[in-house]
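# Topology and contacts: notes
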Amino acid sequence: MMMTMLIRYSFRVDLYAAYSFWNCFIGMGILWFAANGMTQQQIQRYCSLPTIQKARQALYLNTTGIALTLSAAFLSGLTVYAYYHGCDPLQMGLVRTADQIMPHFVLDRLHVPGVPGLFVAAVFAGSLSTLSSGFNSMSACIWEDFIFPMMPPDINPKRAGLLTKFIAMALGVVTIAFGFLSAYVGNILQAALGISAAILGPCCAVYLVGVTLPFVNTAGAFTGFIASLAVCIWSVIGKLMQPLTVPHLPITTEFCNFNETDRAVSTVDRFTIVYHPKPLLGTIQPV
């Protein structure tokens, strides 16, 4: 869970600002519009429903679920900050990145039997459900657009299904490889959002061009897409290599007490941490 957030809303137009009203509203608006309105993964789900009315209902339910999920994430971040702002685990070396603070909080404070396992199961369930549908959609696109035109028209459906499964498996292997590479990325959430925006932004532009500008031909749309994609990827790579300075809420380690002899509740790396009954106070000691 990220501990970085805006101190106050900024309506200034600044391309170099990490967060402002405009880049959050416009950038995330385009990202969600593209993700829910024009990706093959979503369109395939809409087309699987019997009527347009059912598809609209599914979209409304999906939007409500996303809003609730994001609200829960925001509240979780505020809860973690309220508890750790006086004894920051990141500054103390208990975690290596800000993404590890939320799992550390679960292990450190939620001592109800089964809750840590439920937390891990929820993370894996959400990830696997998204990945499985994504692999299915990508394999269908690759088969339909690139492989099927080269196949004989009377190809056996079983063979076609087997080939699409192999494509999905290959995509899974590539995803696992990128998962190992993500260990070298500072903030996984920012990297994932940046890469998604770099790809979905140009796709959204091509979609809108096709809807609103019928005089644009294929060559022009394709050239614009490649140019836009190159600029977006260049921008994302630059941001990952030289991250922008993000304002932090005030955090400190002055409430960490090194004189306590209590044993730890949870262990991360070489340290253990135990908190007093009073909120925002903690003790930390070597294992």
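Residues numbered from 1 in each chain as written. Predicted model: local features only at pLDDT ≥ 70, side-chain atom pairs only at ≥ 80, totals over all residues. Heavy atoms only, no water.

Attention now goes to the overall build of the protein. A tally of helices and strands in the protein yields 9 helices and 4 strands. When the helices and strands of the protein are placed in sequence order, the string is α-α-α-α-α-α-α-α-α-β-β-β-β. Contacts in the protein between residues far apart in sequence, at least 24 positions, make up 64% of those at least 6 positions apart. Only carbon and sulfur atoms are counted for the fraction: they give 71% of the accessible area of the protein, which is about 19,200 Å². (Helix = DSSP H or I, 4+ residues; strand = E, 2+ residues; numbered from the N terminus. Contact = heavy atoms within 4.5 Å. Areas by Shrake-Rupley, 256 points an atom, 1.4 Å probe, with all protein chains shown as cover.)

Turning next to a nonpolar patch on the surface. On the surface, Phe11, Val13, Trp22, Phe25, Ile26 and Ile30 cluster together to form a nonpolar patch covering roughly 650 Å² of accessible area. Secondary-structure assignment places Val13 in the segment before α1 (21-37). (Patch = residues over 30% accessible without salt bridge, like charges linked within 9 Å, V, L, I, M, F, W, Y side chains within 5 Å. Salt bridge = Lys/Arg side-chain N within 4 Å of Asp/Glu carboxyl O.)

Next up on the list: the side chain of Asn36. The residue Asn36 is located in helix α1 in this model. For Asn36, a relative accessible area of 15% puts it in the buried group. There is a polar contact of 2.8 Å between the side chain of Asn36 and the side chain of Asn62. In this view, Asn36 contacts Gln42, Tyr46, Leu59, Asn62 and Ile66; residues no more than four positions away in its chain are not counted. (Buried < 20%, exposed > 50% of the residue type's maximum accessible area, 1.4 Å probe, protein only. Polar contact = N/O pair within 3.5 Å; in protein donor to acceptor, adjacent residues only side chain to side chain.)

Residues Val80, Tyr83, Tyr84, Val95, Ala98, Ile101, Met102, Phe105 and Val106 constitute the largest nonpolar core, which totals 9 residues. Taken together, the elements giving at least two residues each to this core come down to α3 (52-84) and α5 (101-109). At 4 residues, α5 tops the list of elements feeding residues into this core. One finds Trp143, Ile167, Ala168 and Leu171 within the second-largest nonpolar core, a separate group that totals 7 residues. (Core = buried A, V, L, I, M, F, W, Y, C linked by side-chain atoms within 4.5 Å.)

This part takes up the confidence of the model for the protein. For the protein, the average pLDDT comes to 78, and 83% of its residues sit at 70 or higher. When the criterion is pLDDT under 50, residues 1-6 qualifies, and its contacts beyond four places in sequence or with other chains add up to 24 contacts. This model gives residues 258-287 a pLDDT under 50, and the stretch forms 80 contacts once residues within four places in sequence are excluded. (pLDDT = per-residue confidence, 0-100.)

Let us look at the packing of aromatic side chains. What the rule picks out here adds up to 6 aromatic pairs. Considering the side-chain rings of Tyr83 and Tyr84, the 5.3 Å spacing of their centres and the 80 degrees angle between planes classify their relative orientation as edge-to-face. Summarising the burial analysis for this pair, Tyr83 and Tyr84 share the class buried. An aromatic cluster of at least three residues, connected via ring pairs, comprises Phe21, Trp22 and Phe25. (Phe/Tyr/Trp six-rings, centres within 6.5 Å; stacked < 30°, edge-to-face > 60°.)

As annotated in UniProt, the feature "transmembrane region" (unreviewed entry) corresponds to residues 20-38, 59-84, 118-142, 162-185, 191-209 and 216-237 in the numbering used here. Between the C-alpha atoms that bound residues 118-142 there is a distance of 36 Å. The span itself is 100% helix and 0% strand. (UniProt positions renumbered as here; feature names shortened; annotations may be inferred.)

Residue pairs three or four apart in sequence face the same way in an α-helix, which turns once every 3.6 residues. Here helix α6 (residues 115-147) spans 46 Å end to end across 33 residues, near enough to the 48 Å set by a 1.5 Å rise per residue. Among all positions of α6, only Ser133, Gly134, Phe135, Ser137, Ser139 and Trp143 are buried. At its buried positions, α6 is contacted by α2 (40-47) and α7 (157-181). (Expected span 1.5 Å × (residues − 1).)

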